[in-house]
Amino acid sequence: MGKIALQLKATLENVTNLRPVGEDFRWYLKMKCGNCGEISDKWQYIRLMDSVALKGGRGSASMVQKCKLCARENSIEILSSTIKSYNAEDNEKFKTVVEFECRGLEPVDFQPQDSKWGNTLVPGQLPGSRSSAVIAEQLPTLHLCPPFPKV
């Protein structure tokens, strides 16, 4: 299947950047089986710190999953070198923030949920002020650029 990129679009106020924090950051996705087209009905998450061995010693992936419908084993890997911050200059524009190497699993939807998003406040702003709370309130309004662009 190849690489698939996740793009976000957000409005940043009094914040200079927004970024996923740590290897335990959870990317909540809905997945589609590349073999039969079955789409998961529940949100699943993958993390950079997770590594699952592939059958036959062919390496590892962030997630390995057997399709409930066709029983095919599929996998997806987070490409750590592609994780990027969403910066003030990207405001109101779509930007690729991560890419996934897909082998049978294709992400079809994204939801930020309760993962740790780091932000940098504009100089002079105090943590805990109204400006630092803006990001937490706006996270559920991040948009996915459907469909995931293939890179």
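Refer to the structure printed above.
Caption draft 1: Seen up close, the sheet that holds strand 10 (residues 95-103). Spatially, 4 strands are ordered 1-10-8-7 in an open sheet, and the strand pairing comes out antiparallel. The open sheet has two edge strands, strand 1 (2-8) and strand 7 (63-66), and neither has a second partner. The mean inter-strand angle of the sheet, taken between neighbouring strand axes irrespective of direction, is 25°. Relative to strand 10, strand 8 (residues 73-78) runs antiparallel, the two being bridged by 3 bridges.

Caption draft 2: Representation of the pattern of salt bridges in the model. Counted under the stated rule, the structure contains 2 salt bridges. In this structure, Arg47 engages Asp50 in a salt bridge whose closest nitrogen and oxygen atoms are separated by 2.9 Å. Taking the relative accessible area as the measure of exposure, Asp50 reaches 22% and is therefore partly exposed. Among the salt bridges present, the one from Lys95 reaches Asp90, with a minimum N-O distance of 3.1 Å.

Caption draft 3: Focus on the side chain of Ser62. Topologically, Ser62 is positioned in the loop between strand 6 (60-61) and strand 7. Judged by its relative accessible area of 5%, Ser62 falls in the buried class. A polar atom in the side chain of Ser62 sits 3.1 Å from the backbone nitrogen of Ile78. For Ser62, the residues in contact, after removing those within four places along its chain, are Ile46, Arg47, Asp50, Val52, Ile76, Glu77 and Ile78.

Caption draft 4: Spotlight on the layout of surface pockets. Looking at the largest pocket, its volume works out to about 270 Å³. If you go around the largest pocket, you meet 15 residues; those closest to its centre are Ser40, Asp41, Gln44, Gln65 and Lys68. Secondary structure elements with two or more residues in the lining of the largest pocket: strand 3 (27-33) and strand 7. Along the lines of polarity and charge, the residues of the lining of the largest pocket split into 5 nonpolar, 4 polar and 6 charged.

Parameters at a glance
- Residues numbered from 1 in each chain as written.
- Predicted model: local features only at pLDDT ≥ 70, side-chain atom pairs only at ≥ 80, totals over all residues.
- Heavy atoms only, no water.
- Pairing = 2+ DSSP bridges.
- Helix = DSSP H or I, 4+ residues; strand = E, 2+ residues; numbered from the N terminus.
- Axes fitted to C-alpha atoms, helices over the stretch in contact; angles between N-to-C directions.
- Salt bridge = Lys/Arg side-chain N within 4 Å of Asp/Glu carboxyl O.
- Buried < 20%, exposed > 50% of the residue type's maximum accessible area, 1.4 Å probe, protein only.
- Polar contact = N/O pair within 3.5 Å; in protein donor to acceptor, adjacent residues only side chain to side chain.
- Contact = heavy atoms within 4.5 Å.
- 1 Å grid on protein atoms, 1.4 Å probe; cavity = no way out; pocket = protein on both sides within 12 Å on 5 of 7 lines; lining within 4 Å.
- Points joined across faces, edges and corners; volume = space filled by probe spheres on them.
- Nonpolar A, V, L, I, M, F, W, Y, C, P; charged D, E, K, R; others polar.

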